[in-house]
Amino acid sequence: MAGEPQADCLFCKIVEGKIPATVVRESETTLAFRDINPQAPTHVLVIPKVHYPDAASLAAAEPGVIADILREAGEIAADEKIAEHGYRVVFNTGAGAGQTVFHAHLHVLGGRGLQWPPG
């Protein structure tokens, strides 16, 4: 059921502490950790502690949590010293967009020039 931890979800297991991650921030509703396959010098994932498969379903069910994720992204950019020079936030939704873990998550990318379109 949406909102409930999923036994087969990698990110749910990270939230539960069953799988280690390099955590950079945590709030009541979110957890942020370094991506294990970084695409930029700073590459942090911000996830809700509740399980929804993608950003759209999370936003529809819990708009306050998606706001929390975006607020945390700004805090991470400041903490990582990338806010002044610019950074990118990305929600991939669906396999065709590159989503590989079907637990809503936001990528915070920075520390190098980021081209447009992204690829």
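Attention in this report is confined to the structure presented alongside it.

Analysis parameters
- By convention here, each chain's residues receive numbers from 1 onward along its written sequence.
- Selection of residues for local features in this predicted model requires a pLDDT of at least 70, selection of side-chain atom pairs for listing and counting requires 80 or more, and totals for whole chains, interfaces and linings are taken over all residues.
- The side-chain values count all of the structure's non-hydrogen atoms but skip hydrogen atoms and water molecules.
- Secondary structure is summarised from DSSP: a helix means a run of H or I of at least four residues, a strand means a run of E of at least two, and numbering begins at the N terminus for each.
- How far a helix is expected to stretch is found by multiplying one less than its residue total by 1.5 Å.
- Relative accessible area decides the class of each residue, using a 1.4 Å probe on protein chains only: under 20% of the type maximum gives buried, over 50% gives exposed, and in between gives partly exposed.
- The contact rule is simple, with two residues in contact once any of their heavy atoms fall within 4.5 Å.
- A pair of Phe, Tyr and Trp rings is counted when the ring centres sit within 6.5 Å of each other, with Trp represented by its six-membered ring. The angle between the planes then sorts it: under 30 degrees is stacked, over 60 is edge-to-face, the rest tilted.
- Polar contact criterion, stated in full: a pair of N or O atoms within 3.5 Å, where within protein one must be able to donate a hydrogen and the other to accept it, and residues adjacent in sequence count only if both atoms are side-chain atoms.

**Things to note about helix α3 (residues 63-79)**
- End to end, α3 covers 25 Å across 17 residues, agreeing with the expected 24 Å (1.5 Å per residue, within 8%).
- Along α3, the residues that are buried comprise V65, I66, D68, I69, E72, A73, I76 and A77.
- Buried residues along α3 sit in contact with β1 (23-26), β2 (30-34), β3 (42-48), α2 (55-61), β4 (87-90) and β5 (106-110).
- At the exit of α3 stands K81, carrying a positive phi of roughly 65 degrees.

**Examining the packing of aromatic side chains**
- In this structure the tally under the stated criterion is 1 aromatic pair.
- Ring centres 5.6 Å apart and planes at 75 degrees place the aromatic pair F11 and F33 in the edge-to-face group. Residue F11 is found in helix α1 (residues 10-15), and its partner F33 is found in strand β2; the two are separated by 22 residues along the sequence. The two residues F11 and F33 agree in class, both being buried.

**Some thoughts on the side chain of H43**
- Along the chain, H43 falls in strand β3.
- By relative accessible area, H43 is classed as buried at 5%.
- Of the polar contacts made by the side chain of H43, one reaches the side chain of H107; its length is 2.7 Å.
- Setting aside anything within four residues of it in sequence, one finds H43 in contact with F33, R34, D35, N37, P38, H107, V108 and L109.

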